[in-house]
Amino acid sequence: MRKTRLSLALASLIGCSVAAQAHAGEVEVLHWWTSGGEAKSAAVLADMLKARGHGWKDFAVAGGGGESAMTVLKTRAVAGTPPAAAQIKGLDIQEWAKLGFLTELDSVAAEENWDTTLPGVVTQVMKYNGHYVAVPVNVHRVNWLWVNPKAFEKAGAQVPKNWTEFVAAAEKLQAAGIVPLAHGGQPWQDATVFEAIALEVLGVDDYRKAFVQHDAATLKGAKMVEALERFAEVRRFIDKDSAGRDWNLATGMLLRGEAGMQIMGDWAKGEISAAGLTPGKDILCVATPGTEGSFTFNIDSFAFFKLKNDADKAAQQALASTILTPEFQQVFNLNKGSIPVRLDSDMSQFDSCAQDSMATFKSANEKGTLIPSWSHGLATTSQVQGALYDVLTKFFNDKQADAVATADLMARAVQSAQ
Ligand code: BGC
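Presented here is an overview of the structure given in this document.

About the criteria used
Residues numbered from 1 in each chain as written. Predicted model: local features only at pLDDT ≥ 70, side-chain atom pairs only at ≥ 80, totals over all residues. Heavy atoms only, no water. Helix = DSSP H or I, 4+ residues; strand = E, 2+ residues; numbered from the N terminus. Rg over C-alpha atoms; globule rule 2.2 N^0.38 Å. Contact = heavy atoms within 4.5 Å. Areas by Shrake-Rupley, 256 points an atom, 1.4 Å probe, with all protein chains shown as cover. Pairing = 2+ DSSP bridges. Axes fitted to C-alpha atoms, helices over the stretch in contact; angles between N-to-C directions. Phe/Tyr/Trp six-rings, centres within 6.5 Å; stacked < 30°, edge-to-face > 60°. Buried < 20%, exposed > 50% of the residue type's maximum accessible area, 1.4 Å probe, protein only. Lys NZ or Arg CZ within 6 Å of the ring centre and 35° of its normal. 1 Å grid on protein atoms, 1.4 Å probe; cavity = no way out; pocket = protein on both sides within 12 Å on 5 of 7 lines; lining within 4 Å. Points joined across faces, edges and corners; volume = space filled by probe spheres on them. Nonpolar A, V, L, I, M, F, W, Y, C, P; charged D, E, K, R; others polar. Near = heavy atom within 4 Å. Polar contact = N/O pair within 3.5 Å; in protein donor to acceptor, adjacent residues only side chain to side chain. Sits in = over half its atoms within 2 Å of the grid points. Core = buried A, V, L, I, M, F, W, Y, C linked by side-chain atoms within 4.5 Å.

### With respect to the overall build of the protein
Assigned secondary structure in the protein consists of 19 helices and 14 strands. Taking 22 Å as the expected radius of gyration for a compact globule of 418 residues, we find that the protein reaches 21 Å, a close match to that expectation. Each principal axis of the C-alpha distribution contributes one length, and for the protein these read about 65 × 50 × 40 Å. Intrachain contacts of the protein at a sequence separation of at least 6 include 77% that bridge at least 24 residues. Roughly 16300 Å² of accessible area belongs to the protein as shown, and the carbon and sulfur atoms make up 52% of that amount.

### Things to note about the sheet that holds strand E7 (residues 140-141)
The three strands are arranged E7-E12-E14 in an open sheet whose pairing can be described as mixed. The sheet is open, and its two borders are formed by E7 and strand E14 (370-372), each paired with just one other strand. When E7 meets strand E12 (residues 295-298), the two strands line up antiparallel, connected through two bridges. Bridge pairing in E12 links Arg141 to Phe297. Contacting E7, E12 and E14, helix H17 (residues 352-367) runs over the sheet at an angle of about 105° to E12.

### Brief notes about the packing of aromatic side chains
For the structure on display, the rule yields 18 aromatic pairs. A ring pair is formed by Trp188 and Trp267, whose centres lie 6.4 Å apart and whose planes are at 45°; its orientation type is tilted. Of this pair, Trp188 sits in helix H10 (residues 187-211) while Trp267 sits in the loop between strand E10 (259-263) and helix H14 (268-274); the two residues are 79 residues apart in sequence, bridging distant segments of the chain. Like Trp188, the residue Trp267 is buried in the burial classification. The side chain of Arg141 reaches across the aromatic face of Trp144, ending 4.7 Å from its centre. The ring centre of Phe395 lies 5.2 Å from the NZ or CZ of Arg235, which sits over that ring.

### Some details on empty space enclosed by the protein
Applying the stated criterion to the full structure yields two cavities of 30 Å³ or more. If you trace the largest cavity, you find 15 residues lining it, with Trp32, Glu38, Gly65, Trp267 and Lys336 closest to the centre. Residue composition of the lining of the largest cavity, by class: five nonpolar, six polar and four charged. Empty space within the second largest cavity amounts to approximately 40 Å³. Lining the second largest cavity, in full, are Trp163, Phe166, Ala196, Ile197, Glu200, Ile263, Thr288 and Pro289. Elements with a minimum of two residues in the lining of the second largest cavity: helix H9 (163-175) and H10. No other element matches the three residues that H10 contributes to the lining of the second largest cavity.

### Describing helix H16 (residues 326-336)
Where burial is concerned, most of H16 is hidden: nine out of the 11 residues are buried. Considered for burial, the residues of H16 that qualify are Phe328, Gln329, Gln330, Val331, Phe332, Asn333, Leu334, Asn335 and Lys336.

### Quick word on the site of the ligand
If you check the shell around the ligand, you find 14 residues, and the closest are Glu38, Lys89, Asp300, Lys336 and His376. Measuring from an oxygen atom of the ligand, one finds a backbone N or O atom of Gly65 at 3.1 Å. In isolation the ligand exposes 310 Å². Once the protein is present, 100% of that is buried. In this structure, the ligand is accommodated by the largest cavity. For the shell around the ligand, the residue count by class is four nonpolar, six polar and four charged.

### Looking at the nonpolar core
By size, the foremost hydrophobic cluster in this structure holds 71 residues, and its most contacted members are Trp146, Phe194, Phe211, Met224, Met261, Trp374 and Met410. Ranked by residue count, the leading element in this core is H10, at 14 residues. Look past the residues within four positions of Met224 in its chain and what remains in contact with it is Phe194, Leu202, Ala210, Phe211, Thr218, Leu219, Ala407 and Met410. Core analysis: the next-biggest nonpolar cluster, separate from the first, contains 68 residues, Leu105, Leu118, Ile299 and Val341 among them.

### What to know about unusual backbone geometry
A negative phi angle is the norm for most residues apart from glycine, just as the trans form is the norm for most peptide bonds. Phi angles above zero are rare outside glycine, and Asn113 is one such case at about 55°. Looking at the secondary structure, you find Asn113 in the loop between helix H5 (106-111) and helix H6 (114-117). We note that His214 has phi near 60°; this positive angle belongs to a residue other than glycine. For His214, the location among the structural elements is in the loop between H10 and helix H11 (216-219).

Next comes the structure, spelled out in structure tokens:
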């Protein structure tokens, strides 16, 4: 089914490829999509670009969340040899643009009406001083709890809607010999879990105050202390081998029923589908406890670096244009687990989790509960994000750590990283 759709999409692009071949260029594309579902999705983009007659040089840097990829990107940029396109997100796009590295995409954007086909919350992230310098690929929802229904049935547990129910379900799973929460002990995964917990305790307004506006009083306030205390409780629900585990291996534990739940963005759905399972049926998707109706968004995007060679520049513009075609949006997002970024996308082929995600994205946008994920770089710069990662990971791994002192440390770390 998917292959057919992809072939159709590719066939529709062949027309463009004949004209483009005369000026064939190549783009080197840096990304961190290396898990099963992610790699399948990246291949869709590579194939569609090749169908337009251009070359794709894959520059994949393993490491979920992209920390390693960003380190490699900085080295290449400093050496004067950045790739043509790189997966860069959120406020970091502005930082790279400010440093003069990025090229403008305004003509493709105008030709294809990005201003009207894309939501404002997305376009504002892609622009620097009013000019497009990046193109959005998708919208991921981060505050998802994935549930293995068979494991829950075996344990006699109920799908949790709030923290108290989460603890009750986790204890039942544990009593049945099932790991309650599949987790990989890496800073960004710790942060993904904490972000979800903090959203329930703080609520949308204080989440914004703390993680978007960096208000010190909220960062070190009583609610943050409570969020940290809950986070500390999670330690007893993960297995002893979680340290350093990649997120997709944790998802594997969930799929096999070794674990009952995972808190992870919907890229986890890419793994569920790649394993031949149906999201929403074989593995359930619900909002993380206490966050129903809120949507922590994470937008993947590619920023485009200044190039010298004209053929490569043409390839770069072709890549930008491919990304926002309805064909690419459909096939890519079906594989990736995200939802299309175009408002006019046809959702009929998507699973129930994606349909729920799209509906919540739109309703949250109207209600004011659409909030940027700081753990995935949409709320703040990578410096602030990194500072928070450090404090939270240290806290999570140290059973003696004190929540009050840690909240204070969070406020200070954020302040000095700004
Ligand atoms: C990215 C996703 C990716 C995930 C795991 C997130 O930050 O936005 O595209 O699948 O990290 O690598």
